[in-house]
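Each chain, letter by letter, is given below.
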Amino acid sequence: MTDAQNTAADTTLRASGDSPPDPRPAPVPLLEPREGIPPVVATDEALAEVVAAFAGGTGPVAVDAERASGYRYGQRAYLVQLRREGAGSALIDPVGCPDLSGLGEAIGDAEWVLHAATQDLPCLRDIGMVPTRLFDTELAGRLAGFARVGLGAMVENVLGFALEKGHSAVDWSTRPLPEPWLRYAALDVELLVDLRDALEEELTRQGKLEWARQEFAAIAAAPPPPPRKDPWRRTSGMHKVRRRRQIAVVRELWTARDQVAQRRDVSPGKVLGDAAIVEAALNLPPNSHALAALPGFGHRMGRRQLEQWQGAVDRARALAESELPQPGQPLNGPPPPRAWADKDPAAAARLSAARASVTALAEQLNLPQENLITPDTVRRLCWEPPELPTAESVAEVLAGHGARPWQIEQVTPILTEALQADAD
């Protein structure tokens, strides 16, 4: 057992329902790398050595990835960190080594330990790393009832060590990466397996380990999400834009901005802010001079840039009525709950009863409501319930919406009761 595991065994796991702990008599010790900061792997030769080392290691593999969100276009990985017993830690530069499929195959049979796995899996998949089994320490913390499930909070509460802070939102596309950043990155995987072991023990104690395993299996088996339909509709401040001509301006400016951002490999927000797009849509400027007077366009923006954005506005102004976008997206599922009382009062009553029951059960089980059952699943069930709401028919609907067996077992009785009460 490692020193960290000994610490974990001596540390009381503090879930959200427990009483506040006594103040610590001394500051929490700052975590130090056990073998120092490993060199960054950026060549095929160095990568081959890492692949051999990790293939020869034992036990789970801690995996993490750093992106340059807010700085670069897309969500690609700019650093991959790994750690495994018998192999130590590794820092890999996906810019120098863009194909890590060989590494993914070398550890493919092992359990991968990640924190907030759904955030990192897409960028890992893009470079050839796809797990068959995983353990998500953030999700495990949620199921165990921890109030704070960030990696730093979990390592401190469970293992008794403090992680260095301050580099999570830096530009990881920077080259060379500064030593303090590399230190931060290496420490992210230093105790991840130790945290996994302690959380597994806690989940076992609470009788939730099988729940967690089902959740992890669902994440590992999930296909890549399909491309988002009309992503421009997610422009911040879009709710202010109501007329179809104005909505067309948002679409044209968003599309033009996305093309520029992709070509320059920078975050779209650094090319043109969402607030500026909404201002242009609301004002429909007739020329670049009028556009320059709007917030987000005039300050330090060159004539060519203004003409580029004005061109997008002009394209929207020239569209025929039949070509203008509709105000809202076609609904795939029930309407917003705020409209239920008018559209279907009985459905609104079902939803109210179901929500109250889910809230009560989640509190009893000491886990977040959205992890017990997704709000979307509850809405869909209440909007279109089975004709005869029995435990069997409700369970079938839940399974059809992707609920895991443990979730179905827990919520079917309370949701069936809520639907039957409405039917009576």
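So, here's what we can say about the structure. Remember, it's a predicted structure, so these values are computed and weren't measured experimentally.

**Description of unusual backbone geometry**
Thought 1: Look at the link from Arg175 to Pro176: it is a cis peptide, with omega at -5°.
Thought 2: Phi at Asp230 is positive, roughly 50°, even though this residue is not glycine.
Thought 3: Turning to its location among the elements, Asp230 is positioned in the loop between helix H9 (209–221) and helix H10 (244–264).
Thought 4: Judged by its relative accessible area of 22%, Asp230 falls in the partly exposed class.

**So, the packing of H10 against helix H14 (residues 303–318)**
Thought 1: Contact pair H10 / H14: the axes reach a minimum separation of 8 Å and the direction vectors enclose 145°. Viewed along their axes, H10 and H14 form a crossing whose handedness is right-handed. The segment H10 lies against H14, with Arg245, Ala248, Val249, Glu252, Leu253, Ala256, Arg257 and Val260 engaging Gln308, Trp309, Ala312, Val313, Arg315, Ala316, Arg317 and Ala318.
Thought 2: By residue class, the composition of the contact of H10 with H14 is 10 nonpolar, 1 polar and 5 charged.

**A short note on the sheet that holds strand E1 (residues 40–41)**
Thought 1: Pairing is mixed across the open sheet formed by 6 strands, whose spatial order is E1-E4-E3-E2-E5-E6. If you trace the sheet from one side to the other, it starts and ends with E1 and strand E6 (133–136), each paired once.
Thought 2: As defined by bridge partners, strand E2 (residues 58–67) adjoins strand E5 (residues 111–114) across 2 bridges and the pair is classed as parallel. Each bridged residue has a counterpart across the sheet, and for Ala62 the counterpart in E5 is Val113.
Thought 3: Together, E1, E2, strand E3 (77–85) and strand E4 (88–92) form the strand contacts of helix H2 (residues 44–55), whose direction differs from that of E4 by roughly 145°.

**A word on the layout of surface pockets**
Thought 1: For the largest pocket, the calculated volume is near 760 Å³.
Thought 2: For the lining of the largest pocket, the secondary-structure elements that each account for two or more residues are H10 and helix H11 (268–271).
Thought 3: Partitioned by chemical class, the residues of the lining of the largest pocket number 7 nonpolar, 6 polar and 7 charged.
Thought 4: When its volume is computed, the second largest pocket comes out at roughly 550 Å³.
Thought 5: Asp64, Glu66, Ser168, Tyr184 and Asp188 are, among the 27 residues lining the second largest pocket, the residues nearest its centre.
Thought 6: Only E2, helix H4 (117–126), helix H6 (151–159) and helix H7 (179–190) provide two or more residues apiece to the lining of the second largest pocket.
Thought 7: It is E2 that contributes the most residues to the lining of the second largest pocket, 5 residues altogether.
Thought 8: Considering only residue class, the lining of the second largest pocket consists of 12 nonpolar, 7 polar and 8 charged.

**Focus: the pairing of E2**
Thought 1: Where burial is concerned, most of E2 is hidden: 7 out of the 10 residues are buried.
Thought 2: Bridge count between E2 and E3: 8 bridges; the pairing is antiparallel. In the sheet register, Thr58 faces E3, and the bridge partner there is Glu85.

Scoring rules and cut-offs
Residues numbered from 1 in each chain as written. Predicted model: local features only at pLDDT ≥ 70, side-chain atom pairs only at ≥ 80, totals over all residues. Heavy atoms only, no water. Helix = DSSP H or I, 4+ residues; strand = E, 2+ residues; numbered from the N terminus. Buried < 20%, exposed > 50% of the residue type's maximum accessible area, 1.4 Å probe, protein only. Axes fitted to C-alpha atoms, helices over the stretch in contact; angles between N-to-C directions. Left-handed = near helix turned anticlockwise from the far one by under 90°. Contact = heavy atoms within 4.5 Å. Nonpolar A, V, L, I, M, F, W, Y, C, P; charged D, E, K, R; others polar. Pairing = 2+ DSSP bridges. 1 Å grid on protein atoms, 1.4 Å probe; cavity = no way out; pocket = protein on both sides within 12 Å on 5 of 7 lines; lining within 4 Å. Points joined across faces, edges and corners; volume = space filled by probe spheres on them.

These figures capture arrangement, not role.
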